[in-house]
Every structure is written in structure tokens, then in C-alpha cells.
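# Structural features, examined
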Amino acid sequence: HSLRNVVEAGIAERATQQDYDDDAAHQAVRWLYEYARGNDDRPFFLKVSFSSPHEPYVTTSNCWNRYRDDDIDMPVVPFIPPEERDAHGQWLYHHYDRGVCDITEDHIRTTRHAYYGSIAMIDDLFGRVLDALKLARLDDNTIVIFTSDHGDMLGERGSWYKMSFYEHSARVPLMVHMSGMSGTRRVAQATSLIDLMPTLLDMALDGGTKELVEPIEGRSLMPLMTSNDADWRDETVSEALFEGMRAPGFMIRRGTRKYVHWEGSPCSLFDLADDPNELKNT
């Protein structure tokens, strides 16, 4: 009975999130059309924030049916017993009570299936906004950025949600389109979300960060967008602090090497070139 209540509550929360996402896209489309019909010639900044993909792992039947169960990949790193995990991984396991129920392969596949369906839904909604941008004839002079705030372990190592610095949790999509730039390119160097503010200032003001009252964190991504900048410092940092923690955790990545520090726990150092699944703490 208690489990049923939890599941029902999760589905209700998911329905609310889907309603929110649909409304966010609708409001963005309507705003673009109103801007195009108006007389305000000032540049605009429009942030369209979606809640999906996110737990609880539920999606619409339409998006679910775009995938078959056989198409869903399973975790690259299977379940690691809690006693064999690093200290932070053990704390996460017990803090979120993962031991109170058995999670089967069917549960994992279903969860990932729903997560992919949620991504498909966001693709549709974001596409609706981009279509409106084009129909409103604003696409030729509008910078478009697509990104996210965190990833999800989705069963990798037997872990779920975010709250760690493993690649599945810490890496996020970051796609930038700027009119006048031809072709596409993928950047291998490490970047961060804190680079977005100086990038936008650089795009809008042609190096406008030079006029700021005081220095800011982050670097403009324009050099990486326009060329394979050999002078780019291939380094990024991250900080985590969430419920239940007594102190922040930190991560520094330089090139392919990643150092992770949790207060009161042994540190971790991985070389992602030789160990992309982060199994060898050197």
C-alpha cells in the first residue's frame, strides 16, 4: 500500500512536470510571435526552462513508443556492491535508502526507457520554439544555446540521480548556434556552464567583459567556437553541495585527468583517456 502511494505520487508529480514543460514551450512561442508583431527593436534574451528529463522516470505514451525495449542500452558499469564503492558512493547509497528494495534489470531498462522518452519530449518542445523563431523571421540574428544543469547516473554502478562527479552525472549537453557561422564542429576541450555568461557578453558586446567593474569567473567560448584554440586552458572545476552533506565536494578536471575531493573521505584521481568508466583510482 505504501509503495503504491509513492508510485502514484510520483506519476502525479511527473504529470505536473509535463504540463509545466508544455506550457513553457507554449509561452515561449507566444512571446516570440508577440515580439515579432511589436515595435520593440531592442535585442531580447529569452530563457526557456524545462523540468524534463528528470525523475520520477515517467513519460508520455507517444514518446515511450518511439523506443523499443530491445533498443535501450543497459549500464556500461553494472551494480557495484556498496562496500566496494568509494566513501561518497557508500554514503549516497545509504543516504537515499537504495537498499530498501531490489532493483532488477527490468526496472533499470524501464527507467532508462522512460528517461529517453522524456528527452524525446524535450526535443519536440524545443523544436516547436525553434520553428516559431524561424516563422517569426528572427532566426537570422538570434543566438541559440541548448544546455542542462546536470546529468543522471541512470543505474550506472548501481547509482541513480546526480550528486556525484562521475561522468554520467557531471557532464551536460552544450550546443551553441550563432548566425553567420557555417558548418558544425565538436570541441574536445573541457568547458563549464560558468563560461556561458562571458560568452554571451562576448557575442553581444564584442569583448564586453573588458568593461566589467570586476573580474568574473568563466571564459568566453568564442575562441573554441571559431577555431581549435591551442591556447585554451583545458581545465574546468565543479562544486557540489546538497541535502545531507556537511561540506561541499569539489572536482578539478585538467585534460583527461580528473581529481575529486569530498571532505573527510579519501580523494579520487582518474585518467579518463585510459579509464573512461572511472574504475581505477590512481
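Now for a quick tour of the structure. (Residues numbered from 1 in each chain as written. Predicted model: local features only at pLDDT ≥ 70, side-chain atom pairs only at ≥ 80, totals over all residues. Heavy atoms only, no water.)

## A short note on the nonpolar core
Judged by nonpolar contacts, the single largest core of 19 residues is most densely connected at Leu32, Phe50, Leu125, Val129 and Leu138. Put simply, the parts of the chain that give this core at least two residues each are α1 (2–37) and α4 (105–135). Among the elements that take part in this core, α4 stands out by supplying eight residues, more than any other. Aside from chain neighbours lying at most four places away, what touches Val129 is Ala25, Ala28, Val29 and Leu32. (Core = buried A, V, L, I, M, F, W, Y, C linked by side-chain atoms within 4.5 Å. Buried < 20%, exposed > 50% of the residue type's maximum accessible area, 1.4 Å probe, protein only. Helix = DSSP H or I, 4+ residues; strand = E, 2+ residues; numbered from the N terminus. Contact = heavy atoms within 4.5 Å.)

## Some points on helix α3 (residues 87–95)
Those residues of α3 lying buried are His88, Gly89, Leu92 and Tyr93. Each buried residue of α3 lies within a common arc of 140° when the element is viewed along its axis, so the set occupies one face. On its buried face, α3 sits against β5 (257–262). Among the residues of α3, the N-terminal cap falls to Asp86, whose side-chain oxygen and the backbone nitrogen of His88 are separated by 3.0 Å. (Arc of directions from axis to C-beta. Polar contact = N/O pair within 3.5 Å; in protein donor to acceptor, adjacent residues only side chain to side chain.)

## Points about helix α6 (residues 196–205)
Regarding α6, the residues found buried are Leu196, Pro198, Thr199 and Met203. Projection of α6 onto a plane perpendicular to its axis shows the buried side chains occupying an angular sector of 165°, all on one side. For α6, the exposed residues lying more than 90 degrees away from the buried face are Ala204 and Leu205. Structurally, α6 contributes buried residues whose contacts are with β1 (144–147), β2 (174–177) and α7 (222–226).

## Some details on the sheet that holds strand β6 (residues 268–271)
Strand pairs in the sheet, formed through backbone hydrogen bonds, run parallel or antiparallel to each other. Strand order in the open sheet formed by four strands is β3-β4-β5-β6, with antiparallel pairing between adjacent strands. Only two strands of the sheet have a single neighbouring strand rather than two, namely β3 (235–240) and β6. Taking each pair of neighbouring strands and ignoring which way they run, the sheet shows an average axis angle of 15°. Here strand β4 (residues 249–254) runs beside β5; their pairing, made up of six bridges, is antiparallel. By the bridge assignment for β5, Arg253 is matched with Lys258. (Pairing = 2+ DSSP bridges. Axes fitted to C-alpha atoms, helices over the stretch in contact; angles between N-to-C directions.)

## Brief notes about the environment of Leu32
Inspection of the secondary structure puts Leu32 in helix α1. Exposure remark for Leu32: the relative accessible area of 1% places this residue in the buried category. Remark: the alpha-carbon pair of Leu32 and Leu46, spanning 14 residues in sequence, is separated by 8.9 Å. When residues no more than four places from it in sequence are discounted, the contact partners of Leu32 are Phe44, Leu46, Val129, Ala132, Leu133, Ala136 and Leu138.

## Side note on the side chain of Arg112
With respect to the secondary-structure elements, Arg112 resides in helix α4. Once you skip the residues sitting within four places of it in the chain, Arg112 turns out to touch Ile72, Asp73, Met74, Pro75, Met153, Leu154 and Glu156.

## Quick word on empty space enclosed by the protein
Counted according to the given criterion, the structure contains three cavities of 30 Å³ or more. Roughly 110 Å³ of volume is contained in the largest cavity. Taken together, the residues that form the lining of the largest cavity break down as six nonpolar, three polar and two charged. (1 Å grid on protein atoms, 1.4 Å probe; cavity = no way out; pocket = protein on both sides within 12 Å on 5 of 7 lines; lining within 4 Å. Points joined across faces, edges and corners; volume = space filled by probe spheres on them. Nonpolar A, V, L, I, M, F, W, Y, C, P; charged D, E, K, R; others polar.)

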